[in-house]
Amino acid sequence: MKKLIVPALLALLIAGCSSTPDTGAEQSGAPVEGRDGVRTVTAGGVGSSQLPAILTDPKSILSKRSVYFDYDSFEIKPEFKDLVSAHAKFLVENRQFKMLIQGNTDERGSREYNIALGQKRSDAVKKALMLLGAREEQLESVSLGEEKPACVDQSESCWAKNRRGDMLYNGEF
Amino acid sequence: MNRHFRQFAVLCATAFSLSAHAQLSIEVTGAGATRIPVTIADFGGEPGAARAITTVIRGDLERSGMFKLVEQAQSPLTEATSIDFNAVRSRGADAIAAGSIGATADGRHEARFRLHDTNKQSQLAGAAFVTSTSLLRAAGHRIADVIYEKLIGEPGIFSTRIAYVVKAGVGRFELQIADADGQNAQAALISKEPIISPVWSPDGGRLAYVSFENKKPVIYVHSLATGKRTVVANFKGSNSAPAWAPDGRRLAVVLTKNGGSQIFLINADGSGVTRLTTSGSIDTEPQFSPDGQTVFFTSDRGGSPQIYRVSVSGGNTQRVTFEGTYNVTPRLSPDGKSMAFISRRDGGFRLAVMDLASRQTQILTDSQKDESPSFAPNGRMILIATEIGGRGVLSAVSVDGRIKQRLSVAAGDVREPAWGPYQK
């Protein structure tokens with residue numbers, strides 16, 4: 001039942017996008033037009049309702065998706081080895097599942113250079129998963145750099161929360 | 001002088017507070033070492049239109065930091081009025097511009113003006129621009145450009161446009177295009193996800209940028225007049241840091257499809273990908289030299305992020321920066337002789353400019369968080385993003401560091417500026 005609702009919602013959202021251009025309307029005839037420039041994105045993906053409970057149940061280690069890194073480091077710390085191993089095992093046993101790994105950085109420094117640093121974090125998670133049996137075609141490592149901070153205060157405790165790799169399964173991205 | 005500008009700023013703030021889009025407001029600090037005293041007379045003709053256009057011209061010249069506005073004796077003065085040069089000169093003005101707004105047969109405005117040298121008592125320039133009411137400001141910018149070029153000896157940039165990203169609350173990002181004076185801001189793209197790294201095509205008609213609307217960085221080229229968007233690079237992994245080649249046909253981009261962040265060349269339609277750098281390190285933030293022969297980029301191949309350059313055909317890589325442990329985001333001046341970049345000094349990320357021939361570097365700000373430098377097309381100013389009071393603002397800094405203009409919006413963070421090319 002839930003599986004039917006999601007596509008229906010998506011269809012509604014898409015219909016909404018095409019019929020209500022929500023920008024630039026008051027600027028019609030101006031040299032820069034926003035009307036076709038808007039693409040409404042369904043933030044947060046389609047939700048986790050399609051995922052097996054083992055990936056979402058708070059009691060399951062697989063519901064945890066974040067690996068945190070030290071400053072200027074791309075090494076997976078020992079306390080996250082069990083988490084990465086559990087996800088690798090799941091991917092080995094469920095070859096139909098795909099994962100998007102998003103690397104993140106704190107806000108200091110150039111945005112584009114931070115994209116590259118975040119990529120090193122997501123690549124580290126990807127490499128660890130592959131060493132444990134996940135296949136390359138199941139995995140995509142990307143970077144969000146400093147653009148999607150989990151915490152926005154300018155403090156070390158906050159920056160530490162932003163230096164992370166997030167593991168998302170299909171349906172979550 | 002300052003009071004005059006404040007009145008102008010207040011006028012703008014009042015006029016645009018009703019606007020749906022958050023407008024940039026500009027605050028100037030500092031001025032050039034020598035400013036040319038000039039009188040912009042009240043133009044003749046229909047008083048409302050005349051006042052509008054002279055306000056634009058005066059605002060442009062004053063904000064540039066290169067001129068000192070001198071009030072006039074006679075009022076108003078048209079291009080046909082015979083000028084009392086002795087009176088103008090006695091008030092200290094080296095030049096005077098006078099003009100008028102007239103109506104054309106088809107109901108548009110015609111702005112005519114003349115610029116005179118008060119010492120030689122001769123005409124320096126004269127021009128006429130025909131425009132609709134909605135583009136009256138544009139005519140003012142054109143006139144200001146002519147005055148600037150005649151008196152300074154290089155083209156003005158008052159008719160150019162800038163692009164930047166406004167973060168307006170959680171989950172709302174707008175890629176906006178505005179006139180160089182911050183007016184007429186229009187959104188080219190609105191997204192719930194971040195937009196970074198906008199860059200103007202050399203013809204000024206398109207922007208390339210990185211959008212995260214698909215939960216990963218993807219490079220688009222966006223035609224401003226039509227709103228048509230083309231995906232240039234959406235390979236497996238991250239796609240970022242677009243830079244136009246001077247011919248407008250190719251871009252340098254950073255892809256991770258082959259592992260690591262490496263620089264590739266790609267056609268503007270997404271075809272013809274070729275790899276430019278091959279390293280086991282981070283190579284990112286490519287930027288073409290104006291002659292298209294060299295690509296400058298940031299790399300950590302030496303242990304810390306530094307700026308390097310490589311021939312566009314590959315090979316012959318040279319390190320450019322050596323001072324400090326964090327030098328990123330190279331941006332070449334339009335004449336290719338100097339390079340703006342961001343350098344970490346005393347714990348702050350600051351705008352720096354290097355003379356490429358002598359390697360001499362000057363730090364232009366004392367900020368904590370400068371980012372994303374972008375040269376004005378005449379090479380005189382550099383637009384950067386910085387942070388003041390925890391809020392993102394834009395700042396235009398003259399290449400000698402003397403003149404600083406701050407551009408901010410009332411509600412939101414402004415970041416990722418890109419100064420557009422001369423308008424054709």
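To start, this report covers the structure provided alongside it. These figures come from a predicted structure and were not determined experimentally.

With respect to the sheet that holds strand β17 (residues 262–267) of chain B
Residues and elements named next belong to chain B.
Step number 1: Strand order in the open sheet formed by four strands is β15-β16-β17-β18, with antiparallel pairing between adjacent strands. Two strands close off the open sheet at either side, each with one partner strand: β15 (239–244) and β18 (274–275).
Step number 2: As judged from the four bridges shared by β15 and strand β16 (residues 250–255), these two strands associate in the antiparallel manner. If you follow Asn239 over to β16, its bridge partner there is Leu255.

Concerning the pattern of salt bridges
Step number 1: According to the stated counting rule, one finds 33 salt bridges over all chains in the structure shown.
Step number 2: Between A:Lys120 and B:Asp300 there is a salt bridge, with the nearest N and O atoms lying 3.8 Å from each other. Taken as a pair, A:Lys120 in helix α4 (residues 111–131) and B:Asp300 in the loop between β20 (294–299) and β21 (306–311) lie in two separate chains rather than in one.
Step number 3: Taking the relative accessible area as the measure of exposure, A:Lys120 reaches 31% and is therefore partly exposed.
Step number 4: Assessed through its relative accessible area of 14%, B:Asp300 is described here as buried.
Step number 5: One salt-bridge network, in which partners are shared between bridges, spans A:Arg111, A:Glu146, A:Glu147, B:Lys369, B:Glu371, B:Glu387 and B:Glu416.

So, the layout of surface pockets
Step number 1: By volume, the largest pocket is sized at about 1,000 Å³.
Step number 2: What lines the largest pocket is a set of 40 residues, among which B:Val199, B:Trp200, B:Gln287, B:Leu332 and B:Trp419 lie closest to the centre.
Step number 3: Contributing elements (two or more residues each) for the lining of the largest pocket: α4 of chain A together with β11 (195–200), β15, β19 (283–288), β23 (327–332), β27 (371–375) and β31 (413–419) of chain B.
Step number 4: Sort the elements by how many residues they give to the lining of the largest pocket and β27(B) lands first, with five residues.
Step number 5: Residues belonging to the lining of the largest pocket are distributed by class as follows: 24 nonpolar, 10 polar and six charged.

Description of empty space enclosed by the protein
Residues and elements named next belong to chain B.
Step number 1: Considering all chains together, one arrives at three cavities of 30 Å³ or more under this definition.
Step number 2: Considering only enclosed or pocket space, the largest cavity measures out at about 180 Å³ in volume.
Step number 3: Looking at the largest cavity, it is lined by 16 residues, and the ones nearest its centre are Ser64, Ile157, Phe158, Gln405 and Trp419.
Step number 4: Put simply, the parts of the chain that give the lining of the largest cavity at least two residues each are α2 (47–63) and α4 (136–152).
Step number 5: Residue-level mapping places the lining of the largest cavity at the junction of two domains, with at least three residues from each of domain 1 (2–10 + 20–152) and domain 2 (161–419).

Here's the deal with the side chain of B:Arg345
All names here are of chain B.
Step number 1: Structurally, the position occupied by Arg345 is in strand β24 (residues 338–345).
Step number 2: In this structure Arg345 comes out as buried when scored by relative accessible area, which is 17%.
Step number 3: Among the polar contacts made by the side chain of Arg345, one reaches the side chain of Ser343 at a distance of 2.8 Å.
Step number 4: Sequence-distant contacts of Arg345, defined by excluding residues within four places in its chain, comprise Glu323, Asn327, Arg350, Thr361 and Ile363.

Side note on the environment of B:Ile363
Residues and elements named next belong to chain B.
Step number 1: Following the sequence through the fold, Ile363 ends up in strand β26 (residues 360–363).
Step number 2: A residue is classified by how much of its surface remains accessible, and Ile363, at 29% relative accessible area, is partly exposed.
Step number 3: Between the alpha carbons of Ile363 and Gly401 there is a distance of 8.3 Å; along the sequence they are 38 residues apart.
Step number 4: What Ile363 contacts, discounting residues up to four positions off in sequence, is Ser343, Arg345, Arg350, Leu351 and Ala352.

About the thresholds
- Residues numbered from 1 in each chain as written.
- Chains lettered and ligands numbered in written order.
- Predicted model: local features only at pLDDT ≥ 70, side-chain atom pairs only at ≥ 80, totals over all residues.
- Heavy atoms only, no water.
- Pairing = 2+ DSSP bridges.
- Helix = DSSP H or I, 4+ residues; strand = E, 2+ residues; numbered from the N terminus.
- Salt bridge = Lys/Arg side-chain N within 4 Å of Asp/Glu carboxyl O.
- Buried < 20%, exposed > 50% of the residue type's maximum accessible area, 1.4 Å probe, protein only.
- 1 Å grid on protein atoms, 1.4 Å probe; cavity = no way out; pocket = protein on both sides within 12 Å on 5 of 7 lines; lining within 4 Å.
- Points joined across faces, edges and corners; volume = space filled by probe spheres on them.
- Nonpolar A, V, L, I, M, F, W, Y, C, P; charged D, E, K, R; others polar.
- Domains from an automatic or database assignment.
- Polar contact = N/O pair within 3.5 Å; in protein donor to acceptor, adjacent residues only side chain to side chain.
- Contact = heavy atoms within 4.5 Å.

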